[in-house]
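Here is how the chains run, residue by residue.
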Amino acid sequence: MVHNKAVSDTFEIGVENYLACGIKFRLHVEGEAISDAETYVGYYHKGLEKSFESKKYANIIPYMSRIDNSVPFSSEYPFVLACEYLANIEVSKRASYIRTVHAEIARIINHIINIGNICNTVGMDNILSVSVKLKRQLVEIYTKTLDVRIQEGLFCLGGVRFDLSDDFVFGIKSFLNNELSCFLEEVDKVVTNNYGFKVRTKDVGFVDFDQAMSLGFSGPCLRASGCVWDLRRKTSYGVYADFDFEIPVCEAGDCYARCLVRFEEIKQSMAIINQALIKIPQGEIDVLSSGRNNKYSSILSSYDIKPNDKDEVLSCVESPKGELGVFIVSDGTDKPYRCSIRTPSLAHAGSLNMLLKGSFISDVPLIVASLDVSSANIDK
Amino acid sequence: MKCFLSQFFINLAKGLTSDFLSIFKVHTKKYSLPKDADSVFFAVAPVINICVAMLVFLLIPFSEKAAFANVEAGLFLVFVVLCLDVFGCIMAGIGSNTRNAVIGSLRAARQIINSRLVAFSSVIPVVISSHSLKFADIVDAQRDMWFVFPHILTFIGFVFSMIAFMMLKPLNFSDGTTEITGGYRSEYSGLSLMLFDLGDILSMLAVAAFVTVMFLGGWLPIGGALWLLKIPQFVWFVLKIALCLVLMMFIKYTTPRFREDQLLGFLWKFIFPINVFWSFFTAGYVVFNG
């Protein structure tokens, strides 16, 4: 007699499934409908916050880029800002512009891959293959012109490690105008205006305004629930005050709205990059290692940096997945006394218990992908 | 829609040989059996899937003379054979005896029930128009006009429900790759997994051949010129199958995988009433005019 295992009322979607993003789901199911959901995180814990206490400030930057493995620049940004506040370093205008360009490219990469992931969860895996191809092209531009691949700590204390070369500017401009524009047109036809896609993703994973605020949502997920909140506008860190861009907002709060908000944000990021490449002023890129032109000079010069006195600082940036914050307490030495990181994915993953209740098993990967949860971002 | 260049276009020699080398390589893979598996069910399941798709080609005539079995109630028999397809899925699920596999096979069983009614009802107007269940007669009745033109409403429903019926790609709930990681085929590897994939391709071809015979005029040439009649009927049949495949590929790459309840609602609340209405309309037309 064959024992039928599906009779039991719990269903687990494991840690290994790449669409589960490092979360273990234990779903109590009645047929295909989910009556209750439990989520477990912590399988990818790296102990970064504790290990920062034994590292010098300049050494921490490469570790910060591991917080969001697909888009490292945005996660380096808040830490660099916090350290510069502690050590009273004034960054040159050119370096800030270059940082903005990198951060917006990171946003484009993240949103492209996320739209591809959402399509993949509903069975349109061809869109994912196109978006991965686009990401590879961007990485190739970085490899050829800046001699780094995507995870090399482009930001350093006091500026950036590499100046924008003409090849890089040309490559990025042609990428934005040709490949990315083509991709956006195609996505507009095949995904966002597709009747089947709308049927599949509308009214799935619904979060209203109050729920989104109380659950600690941020970034595109918060804006998809109807809240006009963007740190690039509210705090204008870096040089975001110089640029003219819109904050796309959607009222619906479902998976389709989140996809739509990301789609519009790609266009705004393109606008920001184009403005930045036109407006970028001349000047130093790294105030600490001025004069020396070595690849590693910026690291060497900022190695012994130390804050002047006991202080604490919280710096937040609008990373592609949401608000990414770094809180540093310094005791005046060259190592942080305590460092804490606020990642957007952890807050988003906390809402999954509520969101999955009442939905179907087929909706689980779609909801997880639409919240843009990443395993490295949850467990730092 | 799909942007990958196949190996064939990159390097002709490598592209031609790689398929054969892959077939050779897949034989070297280890045959793995899950712990609680039923070895007979587990081994037989992929073969059934392939056999069903091949049986369809046995019953569908390729030209006026080239038919393996030109039976009187061919249409009826094809539907019976297609219903056997689900037994492969259920055997694979019960045979593997793991949770995802069993859920996948249960989904497959549900899906047959979902789509069978609609698939059957969408050929009723064709049967009424041609007064026969025999494929040769059905094709003969399309000499003046292919059935796709008068019966366009049921044609769309037929293609859609046949894709659901054979669990082909946009509507493959039984092997939902994202949530149940392959469904009934999640425990398979190597050669037996390849057999499942081969079964998918063959059933896609079978659906295309079925649609061609029912709606696209089978082996009849496009246009009535004399030189067109000299082209072998077999060639016309293959060309029309290719046309159907293009249509199905288009659906495959632009349609997301609906949820099961959404598909059920679409098939039963939308397509089925249209089919019923059109069947009565056709019957009335035949009674009063033909």
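1. Comments concerning the nonpolar core
Judged by nonpolar contacts, the single largest core of 117 residues is most densely connected at Phe25(A), Leu27(A), Phe79(A), Leu180(A) and Ile328(A). Broken down by element, this core gets its largest block of residues, 13 residues, from helix 4 (residues 93-121) of chain A. Not counting residues up to four positions away in its chain, the partners in contact with Phe79(A) are Tyr57(A), Ile60(A), Ile61(A), Met64(A), Ser315(A), Val326(A), Ile328(A) and Cys339(A). One finds Phe57(B), Phe155(B), Leu171(B) and Met248(B) within the second-largest nonpolar core, a separate group that totals 57 residues.

2. What about the interface of chain B and chain A?
Opposite the 31 residues of chain B that make contact, chain A presents 35 residues. In this assembly, chain B packs against chain A so that about 2,800 Å² is buried in total across both faces, 55% of it on carbon and sulfur atoms. For the chain B face of the interface with chain A, the top three residues by lost area are Arg99(B), Thr178(B) and Arg259(B), together amounting to 22%. Remark: the boundary between chain B and chain A carries one salt bridge. As a salt-bridge pair, Arg259(B) and Asp363(A) come within 3.2 Å of each other at their nearest N and O atoms. Our count for the contact surface shared by chain B and chain A stands at six residue pairs in polar contact (both at pLDDT 80 or more). Looking at which element gives the most residues to the side of chain B that touches chain A, the answer is helix 6 (residues 99-121) of chain B, with seven residues.

3. Some remarks on a nonpolar patch on the surface
A cluster of nonpolar residues, Phe76(B), Leu77(B), Val80(B) and Leu133(B), forms a patch on the protein surface that exposes about 340 Å² of accessible area. Of the residues examined, Leu77(B) reaches a relative accessible area of 33% and is grouped as partly exposed.

4. A look at the sheet that holds strand 2 (residues 24-30) of chain A
Hydrogen bonding along the main chain pairs the strands of a sheet, whether they run parallel or antiparallel. Residues and elements named next belong to chain A. Taken in spatial order, the three strands of this open sheet run 1-2-3, and their pairing is antiparallel. The open sheet terminates on both sides in strands that have one partner only, identified here as strand 1 (10-13) and strand 3 (33-40). Going from strand to strand, the sheet's axes swing by 25 degrees on average, the running direction of each strand aside.

5. Quick look at the environment of Gly93(B)
Residues and elements named next belong to chain B. Among the structural elements, Gly-93 can be located in helix 5 (residues 85-96). Sequence separation between Gly-93 and Leu-55 is 38 residues, and the spatial gap between their C-alpha atoms is 23 Å. Ignoring anything within four residues of it in the chain, the contact list for Gly-93 reads Ala-101, Val-102, Ser-105 and Tyr-184.

6. Some thoughts on the packing of aromatic side chains
All names here are of chain A. Within the structure shown, the criterion is met by 28 aromatic pairs over all chains. Relative to Phe-155, the ring of Tyr-77 lies with its centre 5.4 Å away and its plane at 90 degrees, an arrangement referred to as edge-to-face. In this pair, Tyr-77 is assigned in helix 3 (residues 72-86) and Phe-155 in strand 4 (residues 155-156), connecting sequence segments 78 residues apart. Given the relative accessible area of 2%, Tyr-77 is considered buried. An angle of 80 degrees between the planes, with centres 5.5 Å apart, marks the rings of Tyr-77 and Tyr-237 as edge-to-face. Taken together, the residues Tyr-77 in helix 3 and Tyr-237 in the loop between helix 10 (231-234) and helix 11 (255-279) connect sequence positions 160 residues apart. Each member of the pair, Tyr-77 together with Tyr-237, is buried. Grouped by ring-pair contacts, the aromatic residues Tyr-77, Tyr-97, Phe-155, Tyr-237, Tyr-240, Phe-243 and Phe-245 constitute a single cluster. The aromatic ring of Tyr-63 is capped on one face by Lys-55, whose charged end is 4.7 Å from the ring centroid.

The rules behind the values
Numbering of residues starts from 1 in each chain and follows the order in which that chain's sequence is written. Each chain gets a letter, beginning with A, and each ligand a number, beginning with 1, in the order they are written. In keeping with the model being predicted, local features are shown solely for residues with a pLDDT of at least 70 and side-chain atom pairs are shown and tallied solely at 80 or more, while totals for entire chains, interfaces and linings include all residues. Calculation of side-chain values draws on the structure's entire complement of heavy atoms; hydrogens and water are dropped beforehand. For the purposes of this section, nonpolar cores are sets of buried Ala, Val, Leu, Ile, Met, Phe, Trp, Tyr and Cys residues that join through side-chain atoms within 4.5 Å. Three labels apply to residues, based on accessible area from a 1.4 Å probe with only protein chains included: buried if under 20% of the type maximum, exposed if over 50%, partly exposed otherwise in between. Put simply, DSSP marks the helices as runs of H or I at least four residues long and the strands as runs of E at least two long, and each gets a number from the N terminus on. Between two residues, a contact is recorded if the distance between any of their heavy atoms is within 4.5 Å. Two parts lose some accessible area (1.4 Å probe) when they are put together, and adding that loss for both gives the buried area. The rule for a salt bridge is simple: a side-chain nitrogen of Lys or Arg has to be within 4 Å of a carboxyl oxygen of Asp or Glu. Polar contacts, as used here, are pairs of N or O atoms within 3.5 Å; protein pairs need one atom able to donate a hydrogen and one able to accept it. Residues neighboring in sequence count only if both atoms are side-chain atoms. Here the term patch refers to residues with relative accessible area over 30% and no salt bridge, with like charges joined within 9 Å and nonpolar side chains (Val, Leu, Ile, Met, Phe, Trp, Tyr) within 5 Å. Values of accessible area rely on a 1.4 Å probe in the Shrake-Rupley scheme; residue burial ignores everything except the protein chains shown. Any two strands with at least two DSSP bridges between them are considered paired. Axis angles are defined between N-to-C directions and span 0 to 180 degrees, where every axis is a line fitted to C-alpha atoms and, for a helix, only to the segment in contact. Aromatic contacts are taken between Phe, Tyr and Trp rings whose centres are within 6.5 Å, Trp giving its six-membered ring; a plane angle under 30 degrees counts as stacked, one over 60 as edge-to-face, and the others as tilted. By definition, being over a ring means that NZ of Lys or CZ of Arg is both within 6 Å of the ring centre and within 35 degrees of the ring normal.

Worth remembering: the numbers are spatial, not functional.
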